[in-house]
Amino acid sequence: MSDAEADLESGELLHRPGALARYGPILLLTLGPILAALVCSSLILLAVGVDPLAYYGYVLRRGLLSGLGLSQSLTRTAPLLLLAAGLIVAFRAGIWNLGVDGQFLLGAVASAALAPAIHGLLPGWLVLLLGFALAGVVGALWSVLPALLKAYQGVNEIITTLMTTFLGISLANALVKLVFLDPGTTVPQTRTLPVPDRLPRLFDTTVSSGLIIGLIAVLAVHVAMNRTAFGLRLRTVGANVRAASHFGLSVPQLTVATFALSAGFAGLAGASEILGVNGNVRADWNPAYGLMVIPLVFLARFHGVATIALIFLYSVLLIGSESAARRLGVPQTFTLVLVASMLIFFGIAEHHLHHRMRKAG
Amino acid sequence: MPNQCARSSPWQSSELEGLARNADPVAGAANSNAVGLASVTKRFPGVVAVDDVSLSFRAGEVHVLLGENGAGKSTIVGMLAGVLQPDSGGLTLAGEPVQLSSPFESLSFGISTVFQHAMLVPTLTVFENLVLGDAWWRRSSRSQMEERIAELQELFGLQVPLDAMTGELSLGEQQQIEIARALLRDCSVLILDEATSMLTPQGVDELGGRMRRLADRGLSIIFITHKLTEAYRFGDRVSVLKLGRLAGEIGKDSLKAASEASAVEDMLRLMFGGEESAATPAPQPDRTAGEVRLAAANLRIDGGSVNMAHSEISLAVRSGEILGIAGIDGNGQKQLAEALAGQRPILAGRLDLDGEDVTDASVGRRRALGLRYLTDDRLDEGSVGMFPVADNTVLKEIGAPPFWSRGIERPARIAEHARDLIKRFAVRTPNEFTPISNLSGGNIQKLLLGRELSGTAKVVVFNKPTYGLDMQNSVDSRRRIRAVANSGIAVLLISTDLDEIIELSDRIAVMDRGRICGVLENNSSAPREMRTRVGRLMVGDAAMEAAA
Ligand SMILES: Nc1ncnc2c1ncn2[C@@H]1O[C@H](COP(=O)(O)OP(=O)(O)OP(=O)(O)O)[C@@H](O)[C@H]1O
Ligand SMILES: [Mg+2]
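Along each chain, numbering runs from 1 in the same order as the chain's sequence is written. Chain letters and ligand numbers both follow the written order, the letters beginning at A and the numbers at 1. The predicted origin of the model limits local features to residues at a pLDDT of at least 70 and limits the giving and counting of side-chain atom pairs to 80 or more, whereas totals for whole chains, interfaces and linings rest on all residues. The basis for every side-chain value is the complete set of heavy atoms in the structure, and neither hydrogens nor water enter the calculation.

**Re the overall build of chain B**
Now for step 1: Counting secondary structure elements, chain B contains 20 helices and 22 strands.
Now for step 2: Within the span of chain B, comprising 548 residues, buried residues form 56% of the whole.
Now for step 3: Total accessible area on chain B is roughly 22,000 Å²; 50% of this is exposed by carbon and sulfur atoms. What counts as a helix is a DSSP run of H or I of at least four residues, what counts as a strand is a run of E of at least two, and both are numbered from the N terminus. Categorising residues by exposure relies on relative accessible area from a 1.4 Å probe, with only protein chains included: less than 20% of the type maximum marks a residue as buried, more than 50% marks it as exposed, and the intermediate range marks it as partly exposed. Accessibility throughout is a Shrake-Rupley quantity obtained with a 1.4 Å probe, and a residue counts as covered only by protein chains that appear here.

Dropping the structure here:
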């Protein structure tokens, strides 16, 4: 964790002199790589004969400036934010839960299996609530194996969570095709929750209220990690396991709790996508949001507000480039080029920052 | 970059054969300036750690740096090792200005450093740590390494178990490995930052002799210590730092001409400006031991790397009593302390705290019942380096009032508590928000001591409470330990410093290879006699001691 973060943690930013002087460089080093990535991607666009200004302009117009685009972007942030909330908990507790995509998909399938089945039998809000709850529990359960292995055997969770994510994706698929198949359609998919029974829209826009859930989740996690006893326990384990046991913390229990929370949020993210937007799970559906959110959370240095900002930016990029792909013939995967170069420049900037901090002491 | 010091490699076989006799320095080397600082200033947020210091370290000399905790010694070392950069002024190498902008550069100029805090990778074996960082084409083979280690062992009494997992060794053992690693490198400047703080008295003597021989070969040695007698015995020249400034120097001639007592007097005067009375130990007050607070009966402990499973440990500490535990580092003292604190499983036996069975109680439960444990590993176990000082003062009571209310942190209360500890224990820190890893070793120790003593303590286990502290702070800490006992708390004092044990303890238990091999009534008025009696037990001579 960086110095800057320790400062953010102490929460006394405003009372101290030179906050701006200290945060200036960090802001620069976050925005700098984004600009550099834009320039670098422009060169690539030029090389393939596309006017970068037209492309970026189009992305901006479709992702941010048009009413429809903006509401699509905002809707897309909901699952990303819930995933980010889970990742922040895990990363700050020193647990590298890279299995969020499996946990996400199984949560999605669980909610898609339950909600249409009980819909009509129970009041709408209860259906949604139960759908979310089940998804959270299923997500958490899918992390039990890596959690126990890490907590009691010290097995590296990076490997186990990656393995369970592959298994989870296949299992979700199998469940859709074999168990929860909707007999009413020819497309292999689960039964569909009717549109009026999904998460309510915000006011008279088309934005799903999953956005609010996501925002609350990230902010709540941010506050909990920085301001509560539980958060400090997790951070202590994340910073130094030996010290944590010296302080009398039960490291295995906290590890299991971290996994459960983190994977639970991933499950909720899956539910928000199904109960808010899609209504069902199609076979072979795997948006792999988790893999995209992980670098963003790093880029934000695990800071809640910064994460929200970056995820919004990323959603705009996603939605905008989806339209741009259709209109300008630039493949959708070009977003990956943009994001990847952003990460590379971020890495370079981080390296320089460390170097400079060391020089400055 | 060229390796400038192959000439003075301590590992050329000719040197090994004739170390003492062949003390013929390369012509002219003895007085040449090996490395130096020219008007160097280094600031950290809130402190000037090194303030316009000019120093030159000559080839062929052992140059001692003295100074209180936080005086700036390690900061100077950091700059010479390429880890820190001066804010103004510069370094010189053989008289020429030079910039050491990375540890790699420093090493390639022949500057080899043993840092104050262990820099080994805990998850690698000792062998792997020793070869780490060598270029692959020059990497020593296992058998070469064994040979060189065997030489070290013989010359120097270093114990280097090549296959042990580094993280499982005691800090003293790790320190020996760091010294070995530095000696294995070819270098022209050797820096030892408090490298003797964990060695046995013999180990220290051997290191002293070794430094002398290396200096005679033309190396420049920078030796940092808090023990003034070591400074006198091993040093050619002494520089004293005070609050980042150079407070004075004792030259080669005056150091050699002075007697030990008057040299120590001089150093004290430079360090403390005439308050040398601080060094004289306070007389031992009368204490009456009360009822038994901590009682261990036939404890069997899972010792990890130390085999303790076959030994049963029994001991009792009464309120107002100090039970010293002496022994060579790495003989199970740390394991015992951890088992008492609840961090390490007790396999069999029974532990009572103030009459309550706590054999299976958690760390938190024991702390709530009044058991406190001050670990010797301040940086890696006792504190979380990147957390602010304030958070570190409450990490043992996360969630407890008044610092949390219903699980919600109350930062103002925590900060107030921290400021109070900082004041009462005279901790030097810019403020309570500084990450604790920025404090000097001695100041971290004071803060942790404060943390353990706050609240109602009934039994305090101290593990090497004064290692790395300067004289003033050691005296203060010892006075505090005594005051703790006087206030009716039972004290278990684990230390490898015999003088400290004899000065403070009422009774002395000696640990050897995982068991307690004898308990003596202390007689602090005859320290010399006690030293030999305890020393005999320490080296495993229980029979002789029984006969004497
Ligand atoms: N990285 C850092 N950031 C901020 N302050 C620092 C840092 N390193 C050292 N300091 C401060 O600089 C001063 C000098 O510290 P230094 O470690 O050089 O002392 P020292 O003489 O080695 O003390 P000790 O005997 O306790 O090891 C101290 O006040 C310390 O708190
Ligand atoms: Mg130091």
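**Digging into the coordination of the magnesium ion (ligand 2)**
Residues and elements named next belong to chain B.
Now for step 1: Only N, O and S atoms count as donors, using a 2.8 Å cut-off from the metal and 3.2 Å for Na, K and Ca, and because water is excluded some sites may appear unfinished. Summarising the metal site, the magnesium ion (ligand 2) is bound by the protein donors Ser-74 (OG) and Gln-116 (OE1), whose distances to it range over 1.9 to 2.0 Å. Of this pair, Ser-74 sits in helix H2 (residues 73-80) while Gln-116 is found in the loop between strand E6 (111-114) and helix H4 (126-131), placing the two residues 42 residues apart along the sequence.
Now for step 2: Of the residues examined, Gln-116 reaches a relative accessible area of 19% and is grouped as buried.

**Remarks on the interface of chain B and chain A**
Now for step 1: We call two residues contacting when some pair of their heavy atoms lies within 4.5 Å. The partner chain A presents 28 residues to the 34 residues of chain B that form the contact.
Now for step 2: Summed over both partners, the accessible surface that disappears when two parts come together, traced with a 1.4 Å probe, is what is meant by buried area. Across the interface of chain B and chain A, roughly 2,700 Å² is buried in total on both sides, 59% from carbon and sulfur atoms.
Now for step 3: In the sections that follow, a salt bridge refers to a side-chain nitrogen of Lys or Arg positioned within 4 Å of a carboxyl oxygen of Asp or Glu. Across the chain B-chain A interface, the total number found is three salt bridges.
Now for step 4: Notably, a salt bridge pairs A:Arg242 with B:Asp377, separated by 3.0 Å at the nearest N-O pair.
Now for step 5: In protein, a polar contact requires one atom able to donate a hydrogen and another able to accept it; more generally it is a pair of N or O atoms within 3.5 Å, and residues adjacent in sequence count only if both atoms are side-chain atoms. Here chain B and chain A share eight residue pairs in polar contact (both at pLDDT 80 or more) between them.
Now for step 6: Elements represented by at least two residues in the side of chain B that touches chain A include exactly strand E1 (33-44), helix H13 (378-382) and strand E18 (408-409) of chain B.
Now for step 7: The residue classification treats Ala, Val, Leu, Ile, Met, Phe, Trp, Tyr, Cys and Pro as nonpolar and Asp, Glu, Lys and Arg as charged. All others, Gly included, are polar. Grouping the amino acids of the side of chain B that touches chain A by side-chain chemistry returns 16 nonpolar, eight polar and 10 charged.

**A few points about the nonpolar core**
Now for step 1: Judged by nonpolar contacts, the single largest core of 98 residues is most densely connected at A:Tyr55, A:Leu83, A:Leu275, A:Val281, A:Val293, A:Val297 and B:Trp404.
Now for step 2: For this core, the leading source of residues is helix H4 (residues 67-92) of chain A, giving 11 residues.
Now for step 3: Excluding anything up to four places from it in sequence, A:Val281 contacts A:Ala108, A:Val109, A:Ala112, A:Val176, A:Gln189, A:Thr190 and A:Ile274.
Now for step 4: Residues belong to one nonpolar core when they are buried, are Ala, Val, Leu, Ile, Met, Phe, Trp, Tyr or Cys, and are joined through side-chain atoms within 4.5 Å. By size, the runner-up hydrophobic cluster in this structure holds 50 residues, among which are B:Met145, B:Ala182, B:Leu214 and B:Tyr232.

**Quick word on the pattern of salt bridges**
Now for step 1: On inspection of all chains with the given rule, the structure shows 41 salt bridges over all chains.
Now for step 2: A:Lys177 serves as the salt-bridge partner of A:Asp284, at 3.6 Å between the closest nitrogen and oxygen. In this pair, A:Asp284 sits in the loop between helix H12 (251-278) and helix H13 (289-299) while A:Lys177 sits in helix H8 (residues 157-179), placing the two residues 107 residues apart along the sequence.
Now for step 3: Through salt bridges that share partners, A:Arg242, B:Lys334, B:Glu338, B:Arg344, B:Asp376, B:Asp377, B:Glu381 and B:Lys464 make up one connected network.

**Describing the confidence of the model for chain A**
Now for step 1: A residue's pLDDT is the predictor's confidence in that residue, given on a scale from 0 to 100. Taken over all residues, the pLDDT of chain A has a mean of 87, while the share at 70 or more is 91%.
Now for step 2: Low pLDDT, under 50, characterises residues 1-17 of chain A; the predicted model gives this stretch 35 contacts beyond four residues in sequence or across chains.

**Considering unusual backbone geometry**
Now for step 1: Cis geometry is adopted by the peptide bond preceding B:Pro402, which originates at B:Pro401 and carries an omega value of 0 degrees.
Now for step 2: Among the structural elements, B:Pro402 can be located in the loop between helix H14 (389-392) and strand E17 (404-405).
Now for step 3: Unusually for a residue other than glycine, A:Phe302 sits at a positive phi of about 65 degrees.
Now for step 4: As for its position among the elements, A:Phe302 is in the loop between H13 and helix H14 (304-328).
Now for step 5: Even without being a glycine, B:Ser39 presents a positive backbone phi close to 45 degrees.
Now for step 6: Note that B:Ser39 resides in strand E1.
Now for step 7: In this structure B:Ser39 comes out as partly exposed when scored by relative accessible area, which is 36%.

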